[in-house]
Amino acid sequence: MILLVQRFGELLRKLWNPRNFKAHVSPHEMLQSVVLCSKKRFQITTQGDPIEFLSWLLNSLHSILGGTKKKNSTVMNSRIGNTFQGHMRIYSRKVLPVDLDPREQEALLQTEEYQETSVETPFLYLTADLPPAPIFQDEMKQNIIPQVPLSQILSKFNGMQEKEYKTSKESIVKRFEIRRLPPFLIMCIKRFNKNLFYVEKNPTILNFPIKNIDLSDILSQDEDVRAQHPNTTYDLIANIVHDSAGADQGRRGTFRVHILHKGTGKWFEMQDLHVTEILPQMITLTEAYIQIYELRKEDSQKSQSA
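Remember, it's a predicted structure, so these values are computed and weren't measured experimentally.

## Remarks on the environment of Ser-216
Part 1 of the reasoning: Mapped onto the elements, Ser-216 comes out in the loop between strand E11 (213-214) and helix H7 (223-227).
Part 2 of the reasoning: Linking Ser-216 and Thr-233, residues 17 residues apart in sequence, is a C-alpha distance of 7.9 Å.
Part 3 of the reasoning: Not counting the four nearest positions on each side in its chain, Ser-216 is found in contact with Arg-226 and Thr-232.

## Let's talk about the pairing of strand E15 (residues 274-278)
Part 1 of the reasoning: As paired elements, strand E14 (residues 266-271) and E15 share five bridges and run antiparallel to each other. Its bridge partner being in E15, Phe-268 is matched across the sheet by Glu-277.

## Topic: the pattern of salt bridges
Part 1 of the reasoning: In total, this model carries 14 salt bridges according to the counting rule given.
Part 2 of the reasoning: A salt bridge links Arg-93 to Glu-162; the nearest nitrogen and oxygen atoms lie 3.1 Å apart. Taken as a pair, Arg-93 in strand E1 (residues 86-94) and Glu-162 in the loop between helix H6 (150-154) and strand E5 (163-166) lie far apart in primary sequence, 69 residues in all.
Part 3 of the reasoning: Residue Glu-162 is classed as partly exposed on the basis of its relative accessible area of 39%.

## Overview of helix H2 (residues 28-37)
Residue pairs three or four apart in sequence face the same way in an α-helix, which turns once every 3.6 residues.
Part 1 of the reasoning: Among all positions in H2, only Met-30, Ser-33, Val-34, Val-35 and Cys-37 are buried.
Part 2 of the reasoning: Contacts from the buried residues of H2 go to helix H1 (2-15) and helix H3 (50-64).
Part 3 of the reasoning: Among the residues trailing H2, Lys-39 stands out with phi positive, at a value near 55°.

## So, the nonpolar core
Part 1 of the reasoning: If you look at the biggest cluster of nonpolar residues, it comprises 32 residues, and the most contacted ones within it are Leu-150, Ile-178 and Tyr-293.
Part 2 of the reasoning: Mapped by element, the contributors of at least two residues to this core are E1, strand E3 (126-129), H6, strand E6 (171-180), strand E7 (184-190), strand E12 (233-243) and strand E16 (288-295).
Part 3 of the reasoning: In this structure, Leu-150 is in contact with Met-187, Leu-206, Asn-207, Phe-208, Pro-209, Ile-213 and Tyr-293, ignoring residues within four places of it in sequence.
Part 4 of the reasoning: Core analysis: the second largest hydrophobic core is formed by 22 residues, Cys-37, Phe-42, Leu-61 and Cys-188 among them.

## Re the packing of H1 against H2
Part 1 of the reasoning: At a closest axis distance of 9 Å, the pairing of H1 and H2 adopts a crossing angle of 160°. Judged by the angle between their axes, H1 and H2 are roughly antiparallel. Handedness of the crossing formed by H1 with H2: left-handed. Across from Leu-3, Leu-4, Arg-7, Phe-8, Glu-10, Leu-11 and Lys-14 in H1, the residues of H2 making contact are Glu-29, Met-30, Ser-33, Val-34, Leu-36 and Cys-37.

## Description of the packing of H1 against H3
Part 1 of the reasoning: Close contact between H1 and H3 brings their axes to 9 Å; oriented N to C, the two are set at 105°. By the criterion of interaxial angle, the relationship of H1 to H3 is roughly perpendicular. Here H1 contributes Ile-2, Leu-4, Val-5 and Phe-8 to the contact with H3, which in turn contributes Trp-56, Leu-57, Ser-60, Leu-61 and Ile-64.
Part 2 of the reasoning: Residue classes in the contact of H1 with H3 are distributed as eight nonpolar, one polar and no charged.

Conventions and cut-offs
Residues numbered from 1 in each chain as written. Predicted model: local features only at pLDDT ≥ 70, side-chain atom pairs only at ≥ 80, totals over all residues. Heavy atoms only, no water. Helix = DSSP H or I, 4+ residues; strand = E, 2+ residues; numbered from the N terminus. Contact = heavy atoms within 4.5 Å. Pairing = 2+ DSSP bridges. Salt bridge = Lys/Arg side-chain N within 4 Å of Asp/Glu carboxyl O. Buried < 20%, exposed > 50% of the residue type's maximum accessible area, 1.4 Å probe, protein only. Core = buried A, V, L, I, M, F, W, Y, C linked by side-chain atoms within 4.5 Å. Axes fitted to C-alpha atoms, helices over the stretch in contact; angles between N-to-C directions. Parallel < 35°, antiparallel > 145°, perpendicular 65-115°, else oblique. Left-handed = near helix turned anticlockwise from the far one by under 90°. Nonpolar A, V, L, I, M, F, W, Y, C, P; charged D, E, K, R; others polar.

All quantities given are derived from atomic positions and should not be read as evidence of function.
Encoded structure:
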């Protein structure tokens, strides 16, 4: 796995070398190391899921560079942990059986098995859920493409909204509370669901601003936690989009990425070797799959200097 770090470091040094002789950089050696270190899980000639590759890459680099999942350990020695890792507290409780009478339910509530438990865990990215797409068509006999604001799907992490997770044996209600926001926040919008026949895609459009995204609403209400976050405003710097012909196509479509060039403030769309400039207004009309936000440092620096 050390080969992955070496090839990744070489690629970054070539990209940002001001004395580079050539105007282009080949990532072929980096891709070969990915195939080798992932044991052919990710192939150069086969399109994969970006979030699976990103999760594998970040976790691999994080562990090799000295990071760990434990809170009070060498996690801060990893550059990946310093950049992308946040912390959340997960509250869980079992759902009471419906077929019991009130007395039996009250008795079960007093047992330890049905008490609410909490565990604090780190995360490298957040997975946000989209509301189910409508099944029926509108008056024009066309499929309705719903829209949902970013604040609605982020309310999953405000520490108050509960969601039920069902298994074959039991049902568990969970709620998530953000305890630490990272400098760079990665969010994956869960668009793909596997049913009995195929992988189905949710075409819901996500309405999101590109700048000045305040995430203080999803941060824990603990005073100590809020004191450690003088600034909670983020700006979008990358947006990965999935295009497909229909909902039943699943992941068989194509992926595009929108990247902000911070030097000029312009947005560019990249797909394979094609790079074109794009208006920021067009980014919000796409079916976003993965988004990367950068924490603003201007407000926090002003408050410290004051």
